[in-house]
Amino acid sequence: MKILTFLILCSASVAFAEDFKTIDGKEYKNVTVSRVEPDGIVLISKSGISKVYFTELPKEVQERFHYDAGQAAAYSAEQAASQEAFQTQQAELRRKLAEEKNRYWTGQEPVKNPQDKLRAPAAVVAGRGQQVEVISHGAPVDITKHLALGNVTVVDFYADWCGPCKQLSPSLEQMARTDPEIALRKIDIVNWNTAVAKQHNIHSIPQVNVYNRGGRLVGTVVGASVEEVKRYVAQAKTGG
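Residues numbered from 1 in each chain as written. Predicted model: local features only at pLDDT ≥ 70, side-chain atom pairs only at ≥ 80, totals over all residues. Heavy atoms only, no water.

K.L.:
In this structure, what is going on with the packing of aromatic side chains? I would like to understand it.
P.N.:
Here a ring pair, both rings aromatic, is described through the centre-centre distance and the interplanar angle of the planes. This structure, assessed with the given rule, holds four aromatic pairs. Measuring from centroid to centroid gives 6.3 Å for Phe-54 and Phe-65, while their planes differ by 35°, and the two rings are tilted. Here Phe-54 is found in the loop between strand 4 (49-53) and helix 2 (59-64), whereas its partner Phe-65 is found in the loop between helix 2 and helix 3 (69-105), with eleven residues between them in sequence. We classify Phe-65 as buried; its relative accessible area is 0%. Aromatic rings pair up to connect Phe-20, Phe-54, Phe-65 and Tyr-67 into one cluster. A cation over a ring is seen here: Lys-186 above Tyr-158, with NZ or CZ 4.4 Å from the ring centre. (Phe/Tyr/Trp six-rings, centres within 6.5 Å; stacked < 30°, edge-to-face > 60°. Helix = DSSP H or I, 4+ residues; strand = E, 2+ residues; numbered from the N terminus. Buried < 20%, exposed > 50% of the residue type's maximum accessible area, 1.4 Å probe, protein only. Lys NZ or Arg CZ within 6 Å of the ring centre and 35° of its normal.)

Next up, the structure:
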């Protein structure tokens, strides 16, 4: 209840564009505070959405948004518990699905109707690009295990609630589906407190990493700039 009250009280002061600067010098210019959470503020601009934690901001900004270290710790613990419960639920669903697939393919469980038949993944059509693959929904992931070595790999960090991500996504998917030299891997951060967001230090989305044919990171684009992504892709194709 205290956290909910905190969010309601802060909502009145978040309607105009302004600039913020963290204590280590990073700047967020012409952004709007779209949400105030106990542990930080969510900033939105034309190119993307960022979460900046109060511990990264000057004291005057902390005071302006009524930062309370105790509330922040409680909120972080609550978010972590929710994420752990979600991951446990997802793991159980994956286990049950694996069991069902195993029973079906070993002939232990007959198919009740044609719609129940489990289909194998569609094969990549030669010369028409590669499949788009979501490799994480909030869970930690080792990106190196999902790189398409020999081709250029584009890794897109996104979330379903991120408007700029939705604007960028179709362009990235079209690149991958029309160019056989590009593989697109997508990582749904779900929210700012998930394990994968913390693992890869994601504070702004969309974020796109481009890897060359040998698996080396060529460049990172923060924001919805498809042209900048294309420049890195062209660089990665020639060896980075």
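After that view of the structure, there is still more to cover.
K.L.:
What am I meant to see in the nonpolar core here?
P.N.:
Considering soluble globular proteins, one finds that nonpolar side chains tend to be buried as a cluster. Ranked by size, the top nonpolar core spans 21 residues in total, and within it Ile-143, Phe-157, Ile-187, Ile-189, Trp-192 and Ile-205 carry the most contacts. Taken together, the elements giving at least two residues each to this core come down to strand 4, strand 6 (152-158) and helix 5 (195-199). Top element by residues in this core is strand 6. It accounts for three residues. Ignoring sequence-local partners within four residues, the contact set of Phe-157 consists of Ile-143, Ile-187, Ile-189, His-200, Ile-202, Ile-205, Pro-206, Gln-207 and Asn-209. With 16 residues, the next largest nonpolar core counts Leu-184, Val-208, Val-229 and Val-233 among its residues. (Core = buried A, V, L, I, M, F, W, Y, C linked by side-chain atoms within 4.5 Å. Contact = heavy atoms within 4.5 Å.)

Function-wise, these values are silent; they only describe arrangement.
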